[in-house]
Each structure stands twice: as structure tokens, then as C-alpha cells.
Amino acid sequence: QVQLVESGGGLVQAGGSLRLSCEGSGRTFFGYAMGWFRQPPGKEREFVAAISWNSGRTYYADSVKGRFTISRDNAKNAVHLQMNSLKPEDTAVYYCAADAGTRYTDLSLQVATTTRSWRSWGQGTQVTVSS
């Protein structure tokens with residue numbers, strides 16, 4: 001398993017930016033897909049973004065396309081989510097996820113967007129966007 005720790009959350013005004021980071025320990029990220037999910041207050045957890053093991057494929061929820069960017073640094077066991085043009089509806093607890101059962105293999109949209117595909121999860125970090 002991979003132990004994941006998120007950081008970078010906080011309070012920001014609408015239109016601002018935040019950069020979330022996720023650092024792993026226990027196992028290297030190398031070869032594993034990585035993803036970000038979020039849970040808005042009073043709602044179900046939802047898919048945000050995912051990236052394949054070699055960064056060759058990325059997926060984004062329609063609600064964040066053009067505003068959020070996922071990236072990874074395998075040498076540092078880190079994955080990031082750059083969030084720009086933030087909106088109040090982006091307010092949520094954001095979770096880092098690892099290992100969708102696709103090590104060294106292709107990552108499909110169906111697998112990436114399915115919560116139960118992912119084996120390891122971080123503790124979450126709060127993002128609050130004020131209007």
C-alpha cells in the first residue's frame with residue numbers, strides 16, 4: 001500500500017488559485033495511476049482528475065476542465081493539482097488517490113472515474129472558496 005498525505009488546502013476568494021500536493025510513502029508512486037476526488041458539503045464524493053503512470057494520459061471532470069491541471073513527479077513521489085479560477089462550488093474536501101489497479105498499464109476513463117477502483121486514499125484537505 002501507499003500512504004498518502006495531502007497539503008495545500010485553505011481559504012481563497014473566488015477567482016483565486018490554490019495548488020494541492022500529495023506526497024506518498026511506503027511504496028513508490030512509480031508505475032501507478034494517481035487521482036484527485038472531492039466531496040462538497042452535503043454531497044457525494046466525486047471525481048476531479050486523474051493521471052496515468054507515465055503522465056501520458058489525463059482525465060478531468062467537465063466541471064473543472066480548463067481550470068484545473070493535474071501533474072506528477074515520480075522521482076519525488078508527489079502528485080499535484082493546480083486549481084485556477086476557483087468558484088464557490090469548488091468548496092470541498094479534496095482527496096488524493098493512488099493505485100487503480102493499472103500499474104504499468106493503460107488507464108481508462110471508466111476506471112479513473114470510479115471511486116472503488118482506487119486502493120489507497122489520503123486523509124483529505126479542506127478547500128474553501130468564498131464569494
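The rules behind the values
Residues numbered from 1 in each chain as written. Predicted model: local features only at pLDDT ≥ 70, side-chain atom pairs only at ≥ 80, totals over all residues. Heavy atoms only, no water. Salt bridge = Lys/Arg side-chain N within 4 Å of Asp/Glu carboxyl O. Helix = DSSP H or I, 4+ residues; strand = E, 2+ residues; numbered from the N terminus. Buried < 20%, exposed > 50% of the residue type's maximum accessible area, 1.4 Å probe, protein only.

### Topic: the pattern of salt bridges
Scanning the model with the defined rule gives 5 salt bridges in all. The partner of Arg57 in a salt bridge is Asp106, with the nearest N and O atoms 2.9 Å apart. Of this pair, Arg57 sits in the loop between strand S5 (46-51) and strand S6 (58-60) while Asp106 sits in the loop between strand S9 (92-98) and helix H1 (109-112), and the two are 49 residues apart along the sequence. With a relative accessible area of 53%, Asp106 lands in the exposed category. The closest approach of N and O atoms between Arg67 and Asp90, which form a salt bridge, is 2.8 Å. With Arg67 in the loop between S6 and strand S7 (68-73) and Asp90 in the loop between strand S8 (78-83) and S9, this residue pair connects regions lying 23 residues apart in the sequence. By relative accessible area, Arg67 is classed as buried at 11%. Taken together, the shared-partner salt bridges in this structure form one network comprising Arg38, Glu46, Arg67 and Asp90.

In short, geometric facts, not functional conclusions.
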